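# Observations on the three-dimensional arrangement
Here's the letter readout for the chains.
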Amino acid sequence: MRDLKHLIYFEDLLQEANNELVRKGKEDGNLCLGYTCYFMPEVLLDLPGCFAVRLRAPKCTSPDMASYYMSGRTCHYGRSLLERALEGGFNFIDAQLATETCTVTCRFQEHLEYMDDVINNATFKTSFTDVPFKKNENSIDHYRKQLKIKVLDFLAKEYGVDTSDEAILKAIKINNEVNDIITEIGNFRKLDNPTITGYEFSVITLVSLVCPKYLIVDKLRETLEELKTREPDDKPNYKIKVLLAGSENDDPDFVKLIEGCGALVVADRHCYGSLESRQHIDIKEGEDPLTAVARHYLLTSQCARFMEQQEMRHRKKVLADYAKEYKADGIIVESNKFCEYWSFERMIDTIVLPRDFGYPVCSIEKEYINTASGQLRTRFQAFVESVELKKIQEGK
């Protein structure tokens, strides 16, 4: 397939958290608001005069300083974020909008709050939002109240941000434009012979999460138009298609490693994937914008922190339905080492998805940035061969 026009530019934007467009957004006089979790609604951080940046720590392989504060037996992602903060890599953010969800990322954000000298930015403050563990009307009401107090009131009081319903509606409109573009790009992965690779889509999705939307949307739109006329290779260069599910994963090279072993990644149900973060936000008739946001982010999430039996069973069915919709032959479930939620979710998926839905599963525990690529390559190659053999036996 011909190269995408903006792919190299997108890749460059992912080389550091404080990328070119983030710096431009700050130069334009906007507040840069950091966050780490889907449960901190991105749309509320894109209010007029603000833009959201989902924090990453590219190329952080040895979080030695952070391990001193957080121990070496905690999630590598949270430690890598703290390491990058201690290095001065997050001095550009004006506030951190935190959630009490994953324990280690919560601890990372607590360090930002309590260690005054970590973020060298005079305007920097943090605010923590409590997120319910259940999905019901009471939970939506509690979540809405938390977002009102800990996000909207916080931004209005500390930074003078316009948090009116009209401002929220404007932010929803901007987010929906990006959401719809990413979703339409992702639909090309449903083709019998997809015209976009999993690596390319991973880069595009990540760029939409870490850059001011008003500065990146035009290039995203151009990429969508380009894909509408892109022709697939005459002979597919993959052996099987897979769905990638699991915990936090903001490393496109991990997807590239999988695809280098012959497995095309056609769907991404993980913390930084598009199947949740890029869904269209709808407002029901008679519903105020903040309630719509709270309902959307709570009910669309397939996070492993929801532990009720019906939710756990539903998550497995959602994965199987996505695998069928995107014509995947198998599912790769990954979790970061020491991830408290996805460690058990990954093991349950390994048992339930083959038994109840017939999908072969490759279960992977990995570091935030993968240095043991040789071991992972061996695992992925073996999985591809086993799925190929299964297809041959089934006469596919």
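Predicted model, so just to flag it, every value in this text is computed and none were measured.

The rules behind each value
Residue positions are given per chain, counting from 1 as you read along its sequence in written order. Per-residue local features of the predicted model are confined to residues with pLDDT of at least 70, and side-chain atom pairs are confined, for both listing and counting, to 80 or more; whole-chain, interface and lining totals are unaffected and use all residues. Values shown for side chains rest on all heavy atoms present in the structure; no hydrogens or waters enter the calculation. Runs of E in the DSSP output that reach at least two residues are strands. Runs of H or I that reach at least four are helices, and both are numbered from the N terminus. Burial classes follow relative accessibility: with a 1.4 Å probe on protein chains only, a residue under 20% of its type's maximum area counts as buried, one over 50% as exposed, and anything between as partly exposed. Any two residues whose heavy atoms approach within 4.5 Å at even a single point are treated as in contact. Computed with the Shrake-Rupley method and a 1.4 Å probe, the accessible areas treat only the protein chains shown as cover for residues. Charge counting follows a simple rule: Lys and Arg are positive, Asp and Glu are negative, and His as well as the terminal groups are ignored. For the purpose of locating charges, the reference atoms are NZ of Lys, CZ of Arg, CG of Asp and CD of Glu. Geometry of aromatic contacts follows a simple scheme: Phe, Tyr and Trp rings, the Trp one being its six-membered ring, pair when their centres are within 6.5 Å, and the pair is stacked under 30 degrees between planes, edge-to-face over 60, tilted otherwise. Geometrically, a charge over a ring is one whose NZ (Lys) or CZ (Arg) sits within 6 Å of the ring centre while staying within 35 degrees of the ring normal. Helix span, as expected, comes to 1.5 Å for every residue beyond the first. Buried residues of nine kinds, namely Ala, Val, Leu, Ile, Met, Phe, Trp, Tyr and Cys, make up a nonpolar core once their side-chain atoms join them within 4.5 Å.

## Quick word on the overall build of the protein chain
Check the secondary structure of the protein chain and you find 15 helices and eight strands. Here the C-alpha coordinates of the protein chain stretch approximately 65 × 45 × 40 Å along the principal axes. Per-residue burial over the protein chain gives 59% buried out of 396 residues. Partitioning the contacts of the protein chain with sequence separation of at least 6, the portion at a separation of at least 24 is 75%. When the accessible area of the protein chain is evaluated, it comes to approximately 16,600 Å², of which 50% is carbon and sulfur surface. Looking at the protein chain, you have 53 positive and 64 negative side-chain charges, and the mean spots of the two groups are 3 Å apart.

## As for the packing of aromatic side chains
Aromatic ring pairs are reported here in terms of the distance separating the ring centres and the angle at which the planes meet. If you walk through the whole model with that rule in mind, you get 11 aromatic pairs. Look at tyrosine 77 and tyrosine 368: their rings are 5.5 Å apart centre to centre, the planes differ by 45 degrees, and that puts the pair in the tilted class. Taken together, the residues span a long stretch of sequence, with tyrosine 77 in helix H4 (residues 76-86) and tyrosine 368 in the loop between strand E8 (361-366) and helix H15 (373-393) at a distance of 291 residues. Exposure class is identical for tyrosine 77 and tyrosine 368. Each is buried. Here the aromatic rings of phenylalanine 90 and phenylalanine 108 are separated by 6.4 Å at their centres, their planes lie at 65 degrees, and the arrangement is edge-to-face. With a gap of 18 residues between them, phenylalanine 90 in the loop between H4 and strand E3 (95-100) and phenylalanine 108 in helix H5 (residues 103-114) connect regions that are remote in the sequence. Per residue, the accessibility class of phenylalanine 90 equals that of phenylalanine 108, and both read buried. A network of ring pairs unites the aromatic residues Tyr38, Phe39, Tyr297 and Phe306 as a single cluster. One residue, lysine 135, lies across the ring of phenylalanine 306, its end atom 4.8 Å from the ring centre.

## Focus: the environment of cysteine 60
With respect to the helices and strands, cysteine 60 occurs in the loop between strand E2 (50-54) and helix H3 (64-70). Separated by 246 residues in sequence, cysteine 60 and phenylalanine 306 place their C-alpha atoms 30 Å apart. With sequence-adjacent residues up to four places away left out, cysteine 60 is seen in contact with Ser80, Glu83, Arg84, Tyr368 and Ile369.

## Some thoughts on helix H13 (residues 309-325)
Taking 1.5 Å per residue, 17 residues should reach 24 Å; H13 reaches 24 Å between its end C-alpha atoms and fits that length. For H13, the complete set of buried residues consists of Glu311, Met312, Arg315, Lys316, Val318, Leu319, Ala320, Tyr322 and Ala323. At the C-terminal side of H13, lysine 327 shows a positive phi close to 60 degrees.

## As for helix H9 (residues 213-228)
In this model H9 runs 22 Å from its N-terminal to its C-terminal C-alpha over 16 residues, within 8% of the 22 Å that 1.5 Å per residue would give. Regarding H9, the residues found buried are Lys213, Ile216, Val217, Leu220, Thr223, Leu224, Glu226 and Leu227. As for H9, its buried residues are in contact with helix H1 (7-13), helix H2 (20-27), helix H7 (165-187) and helix H8 (198-210).

## Things to note about the nonpolar core
Residues Leu44, Phe90, Phe108, Val151, Ile258, Ile332 and Phe380 are the most contacted members of the largest nonpolar core, which totals 109 residues. Isoleucine 332 has contacts with Val242, Leu243, Leu244, Ala245, Ile258, Cys362, Ile364, Phe380 and Phe383, leaving out every residue within four places of it along the chain. Ranked by size, the runner-up nonpolar core spans 23 residues in total, among them Ala267, Ala320, Trp342 and Tyr359.

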